[in-house]
Amino acid sequence: MTIARNDKAVLFAADAANALRLIGYLALAIILMVIDHRGGYLSRLRWGLSTVIEPMYRIAAMPSQLARDARMSLADRSRLTEENAQLRRDLLLAQARLDRVNLLRNQNRHLKQLLDAQRSLGLGVQLARIIDVNPDPFRQRVTVDAGSNQNVHVGQAVLDAQGVMGQVVDTLPNTSTVMLITDAAHAIPVVVDRTGMRAIAHGSGQIDTLKLPNVPISADIKVGDKLMTSGLGGHFPAGFPVGIVGSIQTAADGMFVVATATPSAALDRSVEVLILHELPDPVGPPAPAIPLGPPGNAPEPAIAVQGAGERQ
Amino acid sequence: MNRTRAANVFFWGSIGLCYLLQLMPLPHALLAFKPFWLALVLLYWALESPDRVGLGLAFALGLFGDALAGGLLGEHALRLCVFCFIVLRFRSRLRFFPMWQQALAVFALLLNDRILLLMIRASAGEPLPPLEFWWAPIAGMVAWPWVFLLLDDLRSRLRAHES
(Lines give C-alpha, C1' and ligand atoms only; values in the text may rest on other atoms or scores of the structure.)
Protein backbone atom coordinates (compact mmCIF):
# COMPACT_ATOMS: atom_id res chain seq x y z
CA MET A 1 0.00 0.00 0.00
CA THR A 2 2.69 2.41 1.02
CA ILE A 3 4.52 1.74 -2.22
CA ALA A 4 1.41 2.50 -4.20
CA ARG A 5 0.88 5.71 -2.30
CA ASN A 6 4.49 6.69 -2.86
CA ASP A 7 4.11 5.96 -6.54
CA LYS A 8 1.12 8.16 -6.74
CA ALA A 9 2.85 10.93 -4.89
CA VAL A 10 5.76 10.76 -7.30
CA LEU A 11 3.37 10.75 -10.21
CA PHE A 12 1.57 13.82 -8.95
CA ALA A 13 4.83 15.59 -8.24
CA ALA A 14 5.96 14.89 -11.78
CA ASP A 15 2.63 16.15 -13.08
CA ALA A 16 2.88 19.32 -11.07
CA ALA A 17 6.42 19.92 -12.26
CA ASN A 18 5.33 19.33 -15.84
CA ALA A 19 2.42 21.71 -15.46
CA LEU A 20 4.71 24.35 -14.05
CA ARG A 21 7.08 23.91 -16.95
CA LEU A 22 4.17 24.14 -19.37
CA ILE A 23 3.07 27.39 -17.75
CA GLY A 24 6.63 28.68 -17.99
CA TYR A 25 6.91 27.86 -21.68
CA LEU A 26 3.46 29.25 -22.43
CA ALA A 27 4.34 32.49 -20.68
CA LEU A 28 7.58 32.65 -22.66
CA ALA A 29 5.74 32.01 -25.93
CA ILE A 30 3.14 34.67 -25.15
CA ILE A 31 5.83 37.19 -24.21
CA LEU A 32 7.65 36.42 -27.47
CA MET A 33 4.44 36.85 -29.46
CA VAL A 34 3.61 40.18 -27.82
CA ILE A 35 7.15 41.50 -28.32
CA ASP A 36 7.16 40.31 -31.91
CA HIS A 37 3.73 41.79 -32.60
CA ARG A 38 4.98 45.17 -31.35
CA GLY A 39 8.52 45.15 -32.63
CA GLY A 40 8.70 42.66 -35.48
CA TYR A 41 11.78 40.83 -34.21
CA LEU A 42 10.89 37.72 -36.19
CA SER A 43 12.24 39.22 -39.39
CA ARG A 44 15.56 39.80 -37.62
CA LEU A 45 15.62 36.20 -36.40
CA ARG A 46 14.72 35.03 -39.90
CA TRP A 47 17.54 37.15 -41.22
CA GLY A 48 19.97 35.45 -38.85
CA LEU A 49 18.70 32.00 -39.80
CA SER A 50 18.50 32.77 -43.51
CA THR A 51 21.37 30.42 -44.34
CA VAL A 52 19.15 27.59 -43.09
CA ILE A 53 15.76 28.91 -44.15
CA GLU A 54 16.54 29.72 -47.77
CA PRO A 55 17.92 26.26 -48.67
CA MET A 56 14.88 24.70 -46.99
CA TYR A 57 12.60 26.80 -49.18
CA ARG A 58 14.50 25.65 -52.26
CA ILE A 59 14.35 22.00 -51.24
CA ALA A 60 10.65 22.19 -50.41
CA ALA A 61 9.95 23.77 -53.78
CA MET A 62 11.96 21.16 -55.62
CA PRO A 63 9.25 18.53 -56.25
CA SER A 64 6.84 21.02 -57.80
CA GLN A 65 9.70 22.53 -59.78
CA LEU A 66 10.58 19.07 -61.08
CA ALA A 67 6.95 18.38 -61.93
CA ARG A 68 6.73 21.65 -63.82
CA ASP A 69 9.94 20.96 -65.71
CA ALA A 70 8.76 17.46 -66.58
CA ARG A 71 5.47 18.84 -67.84
CA MET A 72 7.34 21.40 -69.92
CA SER A 73 9.60 18.82 -71.49
CA LEU A 74 6.71 16.47 -72.17
CA ALA A 75 4.41 19.15 -73.59
CA ASP A 76 3.70 18.16 -77.13
CA ARG A 77 4.91 20.09 -80.09
CA SER A 78 1.56 21.27 -81.38
CA ARG A 79 0.69 22.83 -78.06
CA LEU A 80 3.99 24.64 -77.97
CA THR A 81 3.52 25.90 -81.51
CA GLU A 82 0.06 27.09 -80.63
CA GLU A 83 1.34 28.80 -77.53
CA ASN A 84 4.10 30.37 -79.53
CA ALA A 85 1.66 31.73 -82.09
CA GLN A 86 -0.54 33.09 -79.31
CA LEU A 87 2.43 34.77 -77.69
CA ARG A 88 3.45 36.28 -81.02
CA ARG A 89 -0.02 37.73 -81.46
CA ASP A 90 0.06 39.07 -77.91
CA LEU A 91 3.50 40.56 -78.48
CA LEU A 92 2.32 42.26 -81.63
CA LEU A 93 -0.63 43.75 -79.81
CA ALA A 94 1.53 44.77 -76.89
CA GLN A 95 4.05 46.31 -79.25
CA ALA A 96 1.35 48.32 -80.96
CA ARG A 97 0.06 49.45 -77.63
CA LEU A 98 3.57 50.26 -76.50
CA ASP A 99 4.12 52.46 -79.54
CA ARG A 100 1.05 54.40 -78.66
CA VAL A 101 2.16 54.65 -75.06
CA ASN A 102 5.53 55.89 -76.23
CA LEU A 103 3.80 58.58 -78.19
CA LEU A 104 1.75 59.51 -75.18
CA ARG A 105 4.81 59.46 -72.99
CA ASN A 106 6.63 61.84 -75.22
CA GLN A 107 3.61 64.08 -75.30
CA ASN A 108 3.32 63.82 -71.55
CA ARG A 109 6.96 64.68 -71.04
CA HIS A 110 6.57 67.65 -73.27
CA LEU A 111 3.52 68.86 -71.40
CA LYS A 112 5.20 68.25 -68.07
CA GLN A 113 8.21 70.20 -69.20
CA LEU A 114 5.86 72.97 -70.09
CA LEU A 115 4.39 72.72 -66.61
CA ASP A 116 7.89 72.54 -65.19
CA ALA A 117 7.05 69.46 -63.15
CA GLN A 118 9.86 67.10 -62.36
CA ARG A 119 8.19 63.79 -61.99
CA SER A 120 9.57 60.73 -63.70
CA LEU A 121 7.28 58.26 -65.38
CA GLY A 122 9.95 55.64 -65.88
CA LEU A 123 9.35 52.31 -64.25
CA GLY A 124 12.32 50.37 -63.02
CA VAL A 125 11.34 46.75 -62.67
CA GLN A 126 13.13 43.62 -61.70
CA LEU A 127 12.18 40.12 -62.74
CA ALA A 128 11.84 37.48 -60.04
CA ARG A 129 10.61 33.91 -59.93
CA ILE A 130 8.15 32.57 -57.43
CA ILE A 131 9.57 29.82 -55.22
CA ASP A 132 6.71 27.42 -54.81
CA VAL A 133 6.48 27.09 -51.05
CA ASN A 134 3.48 27.65 -48.88
CA PRO A 135 4.08 27.84 -45.14
CA ASP A 136 0.50 28.75 -44.24
CA PRO A 137 -2.56 28.07 -46.41
CA PHE A 138 -4.59 30.80 -44.70
CA ARG A 139 -2.22 33.60 -45.49
CA GLN A 140 -2.09 34.59 -49.13
CA ARG A 141 1.63 34.99 -49.43
CA VAL A 142 4.23 33.86 -51.91
CA THR A 143 7.99 33.64 -51.73
CA VAL A 144 10.11 35.02 -54.57
CA ASP A 145 13.76 34.37 -55.32
CA ALA A 146 15.04 37.92 -54.98
CA GLY A 147 15.97 39.48 -51.68
CA SER A 148 17.87 42.35 -50.21
CA ASN A 149 21.07 41.25 -51.97
CA GLN A 150 19.13 41.92 -55.19
CA ASN A 151 18.01 45.29 -53.86
CA VAL A 152 14.46 44.35 -52.91
CA HIS A 153 12.95 46.37 -50.10
CA VAL A 154 9.87 46.03 -47.96
CA GLY A 155 6.95 47.94 -49.48
CA GLN A 156 7.78 47.51 -53.17
CA ALA A 157 4.85 46.68 -55.40
CA VAL A 158 4.81 43.34 -57.22
CA LEU A 159 3.12 42.95 -60.61
CA ASP A 160 2.61 40.31 -63.23
CA ALA A 161 1.73 40.76 -66.88
CA GLN A 162 -1.97 41.19 -66.15
CA GLY A 163 -2.02 43.36 -63.08
CA VAL A 164 -1.03 44.04 -59.50
CA MET A 165 -0.13 41.00 -57.42
CA GLY A 166 0.80 42.48 -54.06
CA GLN A 167 3.64 43.99 -52.13
CA VAL A 168 6.87 42.87 -50.48
CA VAL A 169 6.39 42.46 -46.73
CA ASP A 170 9.58 40.73 -45.64
CA THR A 171 13.03 40.29 -47.13
CA LEU A 172 15.79 37.78 -46.54
CA PRO A 173 19.21 37.99 -48.23
CA ASN A 174 18.12 36.02 -51.32
CA THR A 175 14.37 35.55 -50.99
CA SER A 176 11.50 37.75 -49.99
CA THR A 177 7.88 37.32 -48.99
CA VAL A 178 5.11 38.97 -50.99
CA MET A 179 1.67 39.57 -49.51
CA LEU A 180 -0.89 39.09 -52.26
CA ILE A 181 -3.72 41.57 -52.71
CA THR A 182 -6.16 38.81 -51.73
CA ASP A 183 -4.61 38.33 -48.27
CA ALA A 184 -7.22 39.07 -45.63
CA ALA A 185 -4.90 41.63 -44.07
CA HIS A 186 -4.33 43.52 -47.32
CA ALA A 187 -6.14 46.50 -48.76
CA ILE A 188 -5.37 48.46 -51.90
CA PRO A 189 -6.78 51.82 -52.95
CA VAL A 190 -8.50 51.48 -56.33
CA VAL A 191 -10.44 53.61 -58.72
CA VAL A 192 -13.26 52.41 -60.97
CA ASP A 193 -11.93 52.90 -64.47
CA ARG A 194 -15.25 53.88 -66.04
CA THR A 195 -16.41 56.46 -63.53
CA GLY A 196 -13.32 57.45 -61.59
CA MET A 197 -14.97 56.50 -58.30
CA ARG A 198 -12.49 55.77 -55.55
CA ALA A 199 -12.76 52.69 -53.33
CA ILE A 200 -10.62 50.35 -51.30
CA ALA A 201 -10.34 46.70 -52.31
CA HIS A 202 -9.78 44.38 -49.37
CA GLY A 203 -8.41 40.89 -49.65
CA SER A 204 -10.87 38.16 -48.81
CA GLY A 205 -8.49 35.36 -47.89
CA GLN A 206 -9.63 33.51 -51.03
CA ILE A 207 -7.19 33.67 -53.91
CA ASP A 208 -9.84 34.55 -56.51
CA THR A 209 -11.82 37.23 -54.69
CA LEU A 210 -11.39 40.84 -53.64
CA LYS A 211 -14.00 42.65 -51.59
CA LEU A 212 -15.12 46.26 -51.78
CA PRO A 213 -17.11 46.41 -48.56
CA ASN A 214 -18.08 50.06 -48.23
CA VAL A 215 -19.35 51.34 -51.54
CA PRO A 216 -22.09 53.99 -51.13
CA ILE A 217 -25.47 52.73 -52.24
CA SER A 218 -25.81 55.55 -54.78
CA ALA A 219 -22.42 54.85 -56.36
CA ASP A 220 -22.20 54.13 -60.04
CA ILE A 221 -20.63 50.69 -60.14
CA LYS A 222 -21.58 47.80 -62.40
CA VAL A 223 -20.63 44.19 -62.90
CA GLY A 224 -17.72 44.14 -65.34
CA ASP A 225 -16.21 47.44 -64.24
CA LYS A 226 -12.44 47.50 -64.26
CA LEU A 227 -10.64 48.47 -61.08
CA MET A 228 -7.27 50.21 -61.38
CA THR A 229 -4.80 51.30 -58.75
CA SER A 230 -5.47 54.90 -57.83
CA GLY A 231 -1.98 55.70 -56.59
CA LEU A 232 -3.43 57.19 -53.42
CA GLY A 233 -1.64 56.18 -50.28
CA GLY A 234 1.65 56.05 -52.10
CA HIS A 235 2.22 52.30 -51.95
CA PHE A 236 1.20 51.39 -55.49
CA PRO A 237 1.71 53.45 -58.62
CA ALA A 238 -1.45 54.62 -60.35
CA GLY A 239 -3.03 53.00 -63.40
CA PHE A 240 -2.35 49.29 -63.02
CA PRO A 241 -5.27 46.87 -63.34
CA VAL A 242 -6.33 45.32 -60.06
CA GLY A 243 -9.51 43.42 -60.82
CA ILE A 244 -12.89 43.21 -62.50
CA VAL A 245 -16.11 43.63 -60.55
CA GLY A 246 -17.89 40.27 -60.43
CA SER A 247 -20.92 40.77 -58.24
CA ILE A 248 -22.72 43.53 -56.39
CA GLN A 249 -24.96 43.03 -53.40
CA THR A 250 -26.55 45.24 -50.81
CA ALA A 251 -24.91 44.87 -47.42
CA ALA A 252 -26.89 43.28 -44.60
CA ASP A 253 -27.50 46.64 -42.92
CA GLY A 254 -28.75 48.22 -46.15
CA MET A 255 -26.39 51.18 -45.83
CA PHE A 256 -23.76 50.12 -48.31
CA VAL A 257 -23.20 48.03 -51.38
CA VAL A 258 -20.73 45.18 -51.16
CA ALA A 259 -18.97 44.42 -54.41
CA THR A 260 -16.64 41.53 -55.10
CA ALA A 261 -14.02 41.50 -57.79
CA THR A 262 -11.77 38.91 -59.36
CA PRO A 263 -8.10 39.91 -59.41
CA SER A 264 -6.64 40.66 -62.84
CA ALA A 265 -3.25 39.20 -62.02
CA ALA A 266 -2.92 35.43 -62.29
CA LEU A 267 -2.25 35.11 -58.57
CA ASP A 268 -2.22 31.32 -58.45
CA ARG A 269 -0.60 30.71 -61.84
CA SER A 270 2.16 33.26 -62.27
CA VAL A 271 5.69 31.96 -62.10
CA GLU A 272 7.55 35.11 -63.01
CA VAL A 273 6.74 38.40 -61.38
CA LEU A 274 7.94 41.97 -61.69
CA ILE A 275 9.11 43.83 -58.62
CA LEU A 276 8.65 47.54 -59.10
CA HIS A 277 11.75 49.47 -58.16
CA GLU A 278 10.77 53.03 -57.70
CA LEU A 279 8.18 53.78 -55.13
CA PRO A 280 5.73 56.31 -56.51
CA ASP A 281 5.82 59.87 -55.30
CA PRO A 282 3.77 60.28 -52.17
CA VAL A 283 0.46 61.92 -52.85
CA GLY A 284 -0.89 64.40 -50.39
CA PRO A 285 -0.34 67.85 -49.06
CA PRO A 286 3.28 69.02 -49.18
CA ALA A 287 5.27 68.88 -46.00
CA PRO A 288 5.03 72.11 -44.01
CA ALA A 289 7.95 74.41 -44.70
CA ILE A 290 10.38 74.80 -41.84
CA PRO A 291 10.72 78.48 -41.02
CA LEU A 292 14.31 79.66 -41.01
CA GLY A 293 15.80 82.31 -38.81
CA PRO A 294 14.25 83.96 -35.78
CA PRO A 295 10.50 83.38 -35.53
CA GLY A 296 9.37 86.99 -35.69
CA ASN A 297 11.18 88.09 -38.86
CA ALA A 298 11.17 84.93 -40.90
CA PRO A 299 7.97 85.31 -43.01
CA GLU A 300 8.75 88.76 -44.31
CA PRO A 301 12.00 88.01 -46.17
CA ALA A 302 10.41 84.87 -47.61
CA ILE A 303 7.56 86.87 -49.10
CA ALA A 304 9.95 89.47 -50.34
CA VAL A 305 12.03 86.80 -52.11
CA GLN A 306 8.93 85.31 -53.66
CA GLY A 307 7.81 88.70 -54.81
CA ALA A 308 11.21 89.31 -56.33
CA GLY A 309 11.00 85.98 -58.13
CA GLU A 310 7.65 86.92 -59.64
CA ARG A 311 8.88 90.22 -60.82
CA GLN A 312 11.73 88.63 -62.66
CA MET B 1 27.12 3.76 -30.40
CA ASN B 2 26.39 3.18 -34.02
CA ARG B 3 22.85 2.18 -33.28
CA THR B 4 22.09 5.29 -31.25
CA ARG B 5 23.55 7.40 -34.01
CA ALA B 6 21.33 5.74 -36.60
CA ALA B 7 18.33 6.25 -34.32
CA ASN B 8 19.26 9.90 -33.89
CA VAL B 9 19.58 10.39 -37.63
CA PHE B 10 16.17 8.80 -38.10
CA PHE B 11 14.63 11.01 -35.42
CA TRP B 12 16.00 14.28 -36.76
CA GLY B 13 15.44 13.20 -40.35
CA SER B 14 11.75 12.61 -39.68
CA ILE B 15 11.47 16.07 -38.11
CA GLY B 16 13.35 17.74 -40.96
CA LEU B 17 11.06 16.04 -43.43
CA CYS B 18 8.09 17.44 -41.51
CA TYR B 19 9.32 20.99 -41.96
CA LEU B 20 9.70 20.37 -45.69
CA LEU B 21 6.23 18.84 -45.92
CA GLN B 22 4.84 21.81 -44.05
CA LEU B 23 6.34 24.16 -46.64
CA MET B 24 5.53 21.96 -49.63
CA PRO B 25 3.06 23.48 -52.06
CA LEU B 26 -0.15 21.62 -52.85
CA PRO B 27 -2.80 22.07 -55.52
CA HIS B 28 -5.07 24.90 -54.52
CA ALA B 29 -8.04 22.67 -53.70
CA LEU B 30 -5.99 20.52 -51.32
CA LEU B 31 -4.25 23.35 -49.55
CA ALA B 32 -6.70 23.52 -46.67
CA PHE B 33 -6.23 19.81 -46.04
CA LYS B 34 -2.54 20.09 -45.24
CA PRO B 35 -2.13 18.31 -41.91
CA PHE B 36 0.06 19.61 -39.10
CA TRP B 37 2.85 17.15 -39.92
CA LEU B 38 5.18 18.32 -37.19
CA ALA B 39 2.57 17.62 -34.52
CA LEU B 40 1.85 14.15 -35.92
CA VAL B 41 5.50 13.11 -35.97
CA LEU B 42 6.12 14.64 -32.56
CA LEU B 43 3.14 12.63 -31.30
CA TYR B 44 4.69 9.44 -32.66
CA TRP B 45 7.99 10.13 -30.92
CA ALA B 46 6.25 11.13 -27.70
CA LEU B 47 4.40 7.81 -27.70
CA GLU B 48 7.32 5.62 -28.70
CA SER B 49 10.36 7.21 -27.09
CA PRO B 50 9.24 9.81 -24.54
CA ASP B 51 12.76 10.35 -23.24
CA ARG B 52 13.54 12.27 -26.45
CA VAL B 53 10.46 14.47 -26.46
CA GLY B 54 9.88 17.12 -23.85
CA LEU B 55 8.32 20.54 -23.65
CA GLY B 56 11.69 22.18 -24.28
CA LEU B 57 12.15 20.31 -27.53
CA ALA B 58 8.60 21.15 -28.60
CA PHE B 59 9.27 24.81 -27.85
CA ALA B 60 12.54 24.86 -29.80
CA LEU B 61 11.05 23.04 -32.79
CA GLY B 62 8.13 25.46 -32.70
CA LEU B 63 10.42 28.47 -32.76
CA PHE B 64 12.18 27.11 -35.82
CA GLY B 65 8.78 26.48 -37.42
CA ASP B 66 7.93 30.13 -36.78
CA ALA B 67 11.17 31.24 -38.40
CA LEU B 68 10.29 29.17 -41.47
CA ALA B 69 6.66 30.24 -41.68
CA GLY B 70 7.34 33.90 -40.96
CA GLY B 71 4.09 34.48 -39.09
CA LEU B 72 4.27 35.50 -35.46
CA LEU B 73 7.28 34.45 -33.36
CA GLY B 74 6.14 32.02 -30.68
CA GLU B 75 2.93 30.89 -32.39
CA HIS B 76 4.11 27.43 -33.37
CA ALA B 77 6.08 27.16 -30.13
CA LEU B 78 2.98 27.70 -28.02
CA ARG B 79 0.86 25.33 -30.08
CA LEU B 80 3.44 22.55 -29.99
CA CYS B 81 4.03 23.00 -26.25
CA VAL B 82 0.35 22.59 -25.47
CA PHE B 83 0.08 19.65 -27.87
CA CYS B 84 3.11 17.96 -26.36
CA PHE B 85 1.94 18.54 -22.81
CA ILE B 86 -1.43 16.88 -23.42
CA VAL B 87 0.18 13.98 -25.26
CA LEU B 88 2.74 13.35 -22.50
CA ARG B 89 0.05 13.65 -19.83
CA PHE B 90 -2.14 10.99 -21.47
CA ARG B 91 0.69 9.01 -23.02
CA SER B 92 0.06 5.76 -21.20
CA ARG B 93 -3.59 5.79 -22.26
CA LEU B 94 -3.00 6.89 -25.85
CA ARG B 95 -0.38 4.20 -26.35
CA PHE B 96 -2.78 1.35 -25.74
CA PHE B 97 -5.73 2.73 -27.65
CA PRO B 98 -6.68 0.79 -30.77
CA MET B 99 -5.82 2.65 -33.95
CA TRP B 100 -9.27 4.12 -34.59
CA GLN B 101 -9.44 5.53 -31.08
CA GLN B 102 -5.97 6.94 -31.49
CA ALA B 103 -7.09 8.61 -34.70
CA LEU B 104 -10.07 10.14 -32.90
CA ALA B 105 -7.77 11.37 -30.14
CA VAL B 106 -5.53 12.91 -32.79
CA PHE B 107 -8.57 14.66 -34.23
CA ALA B 108 -9.42 16.09 -30.81
CA LEU B 109 -5.82 17.19 -30.24
CA LEU B 110 -5.58 18.88 -33.62
CA LEU B 111 -8.97 20.53 -33.15
CA ASN B 112 -7.71 21.91 -29.86
CA ASP B 113 -4.63 23.12 -31.70
CA ARG B 114 -6.78 24.90 -34.28
CA ILE B 115 -8.80 26.60 -31.54
CA LEU B 116 -5.53 27.77 -29.96
CA LEU B 117 -4.34 29.07 -33.32
CA LEU B 118 -7.64 30.87 -33.80
CA MET B 119 -7.28 32.49 -30.37
CA ILE B 120 -3.71 33.58 -31.14
CA ARG B 121 -4.67 35.02 -34.51
CA ALA B 122 -7.75 36.74 -33.12
CA SER B 123 -5.77 38.37 -30.34
CA ALA B 124 -3.21 39.51 -32.92
CA GLY B 125 -6.09 41.31 -34.63
CA GLU B 126 -6.43 39.13 -37.71
CA PRO B 127 -9.84 38.51 -39.26
CA LEU B 128 -11.65 35.21 -38.77
CA PRO B 129 -10.48 32.50 -41.17
CA PRO B 130 -12.82 30.85 -43.67
CA LEU B 131 -14.60 27.57 -43.08
CA GLU B 132 -11.78 25.56 -44.68
CA PHE B 133 -9.67 26.43 -41.66
CA TRP B 134 -11.36 23.55 -39.80
CA TRP B 135 -10.62 20.84 -42.36
CA ALA B 136 -6.98 20.33 -41.41
CA PRO B 137 -7.74 18.31 -38.22
CA ILE B 138 -9.78 15.88 -40.33
CA ALA B 139 -6.83 15.49 -42.69
CA GLY B 140 -4.59 14.94 -39.66
CA MET B 141 -6.92 12.26 -38.34
CA VAL B 142 -6.88 10.46 -41.70
CA ALA B 143 -3.12 10.80 -41.98
CA TRP B 144 -2.27 9.61 -38.48
CA PRO B 145 -2.55 5.80 -38.96
CA TRP B 146 -0.31 6.01 -42.03
CA VAL B 147 2.25 8.20 -40.30
CA PHE B 148 2.27 5.82 -37.35
CA LEU B 149 2.56 2.66 -39.45
CA LEU B 150 5.25 4.12 -41.69
CA LEU B 151 7.42 5.41 -38.87
CA ASP B 152 6.91 2.25 -36.82
CA ASP B 153 7.83 0.04 -39.74
CA LEU B 154 10.93 2.07 -40.55
CA ARG B 155 12.01 2.05 -36.93
CA SER B 156 11.59 -1.70 -36.50
CA ARG B 157 13.48 -2.28 -39.75
CA LEU B 158 16.26 -0.06 -38.52
CA ARG B 159 16.44 -2.09 -35.31
CA ALA B 160 16.42 -5.42 -37.13
CA HIS B 161 19.11 -4.14 -39.44
CA GLU B 162 21.29 -3.03 -36.54
CA SER B 163 20.99 -6.17 -34.42
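Keep in mind that this is a model prediction, so the values were computed, not measured.

Calculation rules
- Residues numbered from 1 in each chain as written.
- Chains lettered and ligands numbered in written order.
- Predicted model: local features only at pLDDT ≥ 70, side-chain atom pairs only at ≥ 80, totals over all residues.
- Helix = DSSP H or I, 4+ residues; strand = E, 2+ residues; numbered from the N terminus.
- Buried ≥ 20, exposed ≤ 12 C-beta atoms within 10 Å, placed from the backbone.
- Contact = placed C-beta atoms within 7 Å.
- Core = buried A, V, L, I, M, F, W, Y, C linked by C-beta atoms within 7 Å.
- Pairing = 2+ DSSP bridges.
- Axes fitted to C-alpha atoms, helices over the stretch in contact; angles between N-to-C directions.
- Expected span 1.5 Å × (residues − 1).
- pLDDT = per-residue confidence, 0-100.
- Parallel < 35°, antiparallel > 145°, perpendicular 65-115°, else oblique.
- Left-handed = near helix turned anticlockwise from the far one by under 90°.

Let's talk about the overall build of chain A
Along the backbone of chain A there are 5 helices and 12 strands. In chain A, which comprises 312 residues, the share counted as buried stands at 26%. Residue pairs in contact within chain A that sit at least 24 positions apart in sequence constitute 58% of those at least 6 positions apart.

Comments concerning the overall build of chain B
Helix and strand counts for chain B come out as 7 helices and 0 strands. Ordering the α and β elements of chain B from the N terminus gives α-α-α-α-α-α-α. In chain B, buried positions account for 37% of the 163 residues. In chain B, the proportion of contacts linking residues at least 24 apart, taken out of those at least 6 apart, comes to 69%.

Details of the nonpolar core
With 93 residues, the main nonpolar core has Val164 and Met165 of chain A together with Leu42, Leu80, Cys81 and Cys84 of chain B as its most contacted residues. Once residues lying within four places of it in the same chain are set aside, the contact partners of Met165 of chain A are Val158, Leu159, Asp160, Val178, Leu180, Ile181, Ala265, Leu267, Ser270 and Val273 of chain A.

Points about the interface of chain B and chain A
Much of the literature gives interface size as the accessible area that the parts lose upon coming together. The interface of chain B with chain A comprises 34 residues on the first partner and 38 residues on the second. Elements represented by at least two residues in the side of chain B that touches chain A include exactly helix H1 (2-23), helix H3 (55-69) and helix H4 (75-89) of chain B.

Examining the sheet that holds strand S5 (residues 176-180) of chain A
All names here are of chain A. With respect to topology, 6 strands assemble into a closed barrel ordered S1-S2-S5-S4-S3-S12, the strand pairing being antiparallel. Recorded for the sheet is a direction-independent mean angle of 45° between the axes of neighbouring strands. Note that strand S3 (residues 157-159) and strand S12 (residues 272-276) share 2 bridges and pair antiparallel. Its bridge partner lying in S12, Leu159 is registered against Leu274.

Some points on helix H6 (residues 99-123) of chain B
All names here are of chain B. The end-to-end C-alpha distance of H6, which contains 25 residues, comes to 36 Å, matching closely the 36 Å that a straight helix rising 1.5 Å per residue would cover. Along H6, the residues that are buried comprise Val106, Leu109, Leu110, Asp113, Leu117 and Ile120. Phi for Gly125, located one or two positions after H6, is positive at around 85°.

Digging into H3 of chain B
All names here are of chain B. The end-to-end C-alpha separation of H3 is 21 Å, in line with the 21 Å expected for 15 residues at 1.5 Å each. Ala58, Phe59, Leu61, Gly62, Leu63, Gly65, Asp66, Ala67, Leu68 and Ala69 are the residues of H3 that are buried. One or two positions beyond H3, positive phi appears at Gly70, with a value near 70°.

A closer look at the sheet that holds strand S11 (residues 256-263) of chain A
All names here are of chain A. The sheet built from 6 strands closes into a barrel, its strands ordered S6-S7-S8-S11-S10-S9 with antiparallel pairing. Mean inter-strand twist for the sheet, computed between neighbouring axes without regard to direction, equals 40°. Note: strand S6 (residues 187-192) against strand S7 (residues 198-203), 5 bridges, orientation antiparallel. For Ile188, the partnering residue across the bridge sits in S7 and is Ala201.

Concerning the environment of His153 of chain A
All names here are of chain A. By the secondary structure assignment, His153 is in the loop between strand S2 (141-144) and S3. With 13 C-beta atoms counted inside 10 Å, the residue His153 sits in the partly exposed group. Placed 23 residues apart in sequence, His153 and Ser176 show a C-alpha to C-alpha distance of 8.7 Å. Excluding residues within four positions of it along the chain, His153 makes contact with Val168 and Thr171.

Points about the confidence of the model for chain B
Of all residues in chain B, 99% attain a pLDDT of 70 or more, and the chain-wide mean is 88. We note a pTM of 0.70 for the whole complex and an ipTM of 0.81 for its interfaces.

Focus on the packing of H3 of chain B against H4 of chain B
Residues and elements named next belong to chain B. For the pair H3 and H4, interaxial distance at closest approach is 7 Å and the crossing angle is 150°. Judged by the inter-axis angle, H3 sits roughly antiparallel to H4. H3 and H4 meet at a crossing whose hand is right-handed. Contact residues: Leu55, Ala58, Phe59, Leu61, Gly62, Leu63, Gly65, Asp66 and Ala69 in H3; Glu75, His76, Ala77, Arg79, Leu80, Cys81, Cys84 and Phe85 in H4.

Some points on the pairing of strand S4 (residues 164-171) of chain A
Along a regular strand, successive side chains alternate from one face of the sheet to the other. Residue and element names in this part refer to chain A. Within S4, 6 of the 8 residues are buried, leaving the element largely enclosed by the surrounding structure. Judged from the 3 bridges that link them, S3 and S4 form a sheet pairing that is antiparallel. If you follow Leu159 over to S4, its bridge partner there is Val164. Looking at chain direction, S4 and S5 are connected through 5 bridges and run antiparallel. Bridge pairing in S5 places Asp170 opposite Thr177. Remark: 4 residues form the turn of the hairpin made by S4 and S5, two consecutive strands paired antiparallel.

Here's the deal with unusual backbone geometry
Residue and element names in this part refer to chain A. Even without glycine at this site, Asn151 takes up a positive phi of about 70°. Tracing the chain through its elements places Asn151 in the loop between S2 and S3. For Asn151, a count of 13 C-beta atoms within 10 Å translates into the label partly exposed.

Description of the packing of H4 of chain B against H6 of chain B
Residues and elements named next belong to chain B. It is at 10 Å that the axes of H4 and H6 come closest, and there the two elements cross at 150°. By the criterion of interaxial angle, the relationship of H4 to H6 is roughly antiparallel. Between H4 and H6 the crossing geometry is right-handed. In contact with Glu75, Leu78, Arg79, Val82, Phe83 and Ile86 of H4, H6 contributes Leu109, Asp113, Leu116, Leu117 and Ile120.

Description of the pairing of S5 of chain A
Residue and element names in this part refer to chain A. Buried residues dominate S5, accounting for 5 of its 5 residues. Alternating residues of S5 divide into Ser176, Val178 and Leu180 and Thr177 and Met179, and every residue in both groups is buried. When S2 meets S5, the two strands line up antiparallel, connected through 4 bridges. Its bridge partner lying in S5, Thr143 is registered against Thr177.

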